[in-house]
Amino acid sequence: MIVELVAQTQRLTRLAAQATGNSTPASSWRLLSILDREGPQRIGTLAAAVRVSQPALTQIAQQLTEQGLVVKEPDPDDARAAILTLTDEGRVAIADWRAELGGALSPYFSGLDADAWEHLAATVEILTALDKESL
């Protein structure tokens, strides 16, 4: 059941991205989401979380920095490393993206009855609790 849940959420994510027509790479949205949820992070840590190589994440970070969505600063504990921080513009961008996803997916869920919505709400609560435990 867990594997099927993961497979369906991945499918839902792809469907949402296609429905919005947004051309921003999913890895950029993952990066912004992680920074929004967990705060500033080192590039190496983010690379593992986003599931890309460190050079790839550095390139993504450069693009997001140029767009004003993140700030890249030296790590105060290790000058060789860099820390990324979400900017206010980045917070707005991720909030807008989530709203866009919600709007794009709404038609797919419009036929659900109250019982189905309760099940979805319970699933979200369970996943949120598991996520908080892992932090």
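Up top is the structure.
Residues numbered from 1 in each chain as written. Predicted model: local features only at pLDDT ≥ 70, side-chain atom pairs only at ≥ 80, totals over all residues. Heavy atoms only, no water.

With respect to the pattern of salt bridges
And then number 1: Using the criterion set out here, one finds five salt bridges in the structure.
And then number 2: Arg98 serves as the salt-bridge partner of Asp36, at 2.8 Å between the closest nitrogen and oxygen. One end of the pair, Asp36, is in helix α2 (residues 26-38); the other, Arg98, is in helix α5 (residues 88-109), and 62 residues separate them in sequence.
And then number 3: A residue is classified by how much of its surface remains accessible, and Asp36, at 30% relative accessible area, is partly exposed.
And then number 4: Note that Arg42 and Asp78 form a salt bridge whose closest N and O atoms lie 3.5 Å from each other. Of the two residues, Arg42 sits in strand β1 (residues 41-42) while Asp78 sits in strand β3 (residues 78-86), which places them 36 residues apart along the sequence.
And then number 5: Of the residues examined, Arg42 reaches a relative accessible area of 35% and is grouped as partly exposed.
And then number 6: A residue is classified by how much of its surface remains accessible, and Asp78, at 17% relative accessible area, is buried.
And then number 7: Connected through shared salt-bridge partners, Arg42, Asp75, Asp78 and Arg80 make up one network. (Salt bridge = Lys/Arg side-chain N within 4 Å of Asp/Glu carboxyl O. Helix = DSSP H or I, 4+ residues; strand = E, 2+ residues; numbered from the N terminus. Buried < 20%, exposed > 50% of the residue type's maximum accessible area, 1.4 Å probe, protein only.)

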